[in-house]
Amino acid sequence: MVRAKRTGRRTGNPDTRSEILGAARRLFADEGFESVSMRRIAGEAGVDPSLIHHYFGSKDELFMAAIEIPFDPAPEVAAVLRDGEVADAGERLMHAFVTIWEGPHHEKLLAVVRTSLSKPAMSFVLKQLFEHRIVKTIEATLGDKVDRIPVRAPFIASQVFGLVVARYILKLEPLASLGPDQLAATIGPTIDRYLTMPVEHLES
């Protein structure tokens, strides 16, 4: 169904925030985070662009609100990667992920993963979350020490999301019962390998 084009721009009202979120969700899902500007979202929502800054502050904050992820992983990822060497970054990164998943937002995060497994649009948005808030953070933090992060990142993602499904959804043992330290020590070296192994042969 073709949506009627909005005319004019509205000032703030009780529905403005939800209108902006709805427009952002549609555009992020259809075109991706990098391709969509704040002005474009404002036009889709029929509001003045200044209202997006008023309600959300930045494009990053709007993205996190639009996909309904209750936290931004980027600061935590950056912090653990800065705190040590690349050689053992995997254990620190995995420990941070497990801590986040088992924190106060556990049920919400599981709901997001379950939804992404059944709804293609949500899977695409979750992919953007990983690329924009995790891959780019790894690249910005380790870019002078690790090359070809976009090639390495999907392999890291396979460990993170595989662990989420096996531990929290399927509850496979012994993964479901291991403590965060044990998981980090077991899976961390695999992530370290992905961060340091030659990957030139994987580039197209």
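Residues numbered from 1 in each chain as written. Predicted model: local features only at pLDDT ≥ 70, side-chain atom pairs only at ≥ 80, totals over all residues. Heavy atoms only, no water.

Asks: Please give an account of the nonpolar core that cites residues and values.
Replies: Core analysis: the largest hydrophobic core is formed by 65 residues, its most contacted members being I20, I41 and L62. Setting aside anything within four residues of it in sequence, one finds L62 in contact with I20, L21, A24, M38, I41, I52 and F56. (Core = buried A, V, L, I, M, F, W, Y, C linked by side-chain atoms within 4.5 Å. Buried < 20%, exposed > 50% of the residue type's maximum accessible area, 1.4 Å probe, protein only. Contact = heavy atoms within 4.5 Å.)

Asks: Kindly report on the pattern of salt bridges, identifying the contributing residues and their values.
Replies: One pass over the full model with this rule turns up 11 salt bridges. Put simply, E102 and R167 hold a salt bridge, and the shortest N to O gap is 2.6 Å. Separated by 65 residues along the polypeptide, E102 in the loop between helix 6 (89-101) and helix 7 (106-118) and R167 in helix 9 (residues 149-169) bring together distant segments of the chain. We note a salt bridge from R152 to D147, for which the minimum N-O separation is 2.6 Å. Under the relative-accessibility criterion, R152 is labelled buried at 4%. D147 sits in the partly exposed class, given a relative accessible area of 34%. (Salt bridge = Lys/Arg side-chain N within 4 Å of Asp/Glu carboxyl O. Helix = DSSP H or I, 4+ residues; strand = E, 2+ residues; numbered from the N terminus.)

Asks: Please give an account of the packing of aromatic side chains that cites residues and values.
Replies: Two descriptors summarise a pair of aromatic rings, namely the distance from one centre to the other and the angle between the planes of the rings. In the structure shown here, the tally under the stated rule is seven aromatic pairs. Ring plane angle 80° and centroid distance 5.2 Å describe the contact between F28 and F63, whose orientation is recorded as edge-to-face. Remark: F63 occurs in helix 4 (residues 59-66) and F28 occurs in helix 1 (residues 16-31); sequence separation between them is 35 residues. Across the pair, F63 and F28 agree in class, each one buried. (Phe/Tyr/Trp six-rings, centres within 6.5 Å; stacked < 30°, edge-to-face > 60°.)

Asks: Kindly report on helix 2 (residues 38-45), identifying the contributing residues and their values.
Replies: Here helix 2 has its buried residues at M38, I41, A42 and A45. Down the axis of helix 2, the sector holding all buried residues measures 100°, keeping them to one side. Close packing links the buried residues of helix 2 with helix 1, helix 3 (49-56) and helix 4. (Arc of directions from axis to C-beta.)

Asks: I'd love a proper account of unusual backbone geometry, names of residues and values included.
Replies: In this structure, the amide linkage connecting E173 to the following residue, P174, adopts the cis form with an omega of 5°. Positionally, P174 belongs in the loop between helix 9 and helix 10 (180-196). In this model, R148 sits at a positive phi of 50°, which is unusual for a non-glycine residue. Tracing the backbone shows R148 in the loop between helix 8 (120-142) and helix 9. Phi is positive for K171, which is not a glycine, with a value near 55°.

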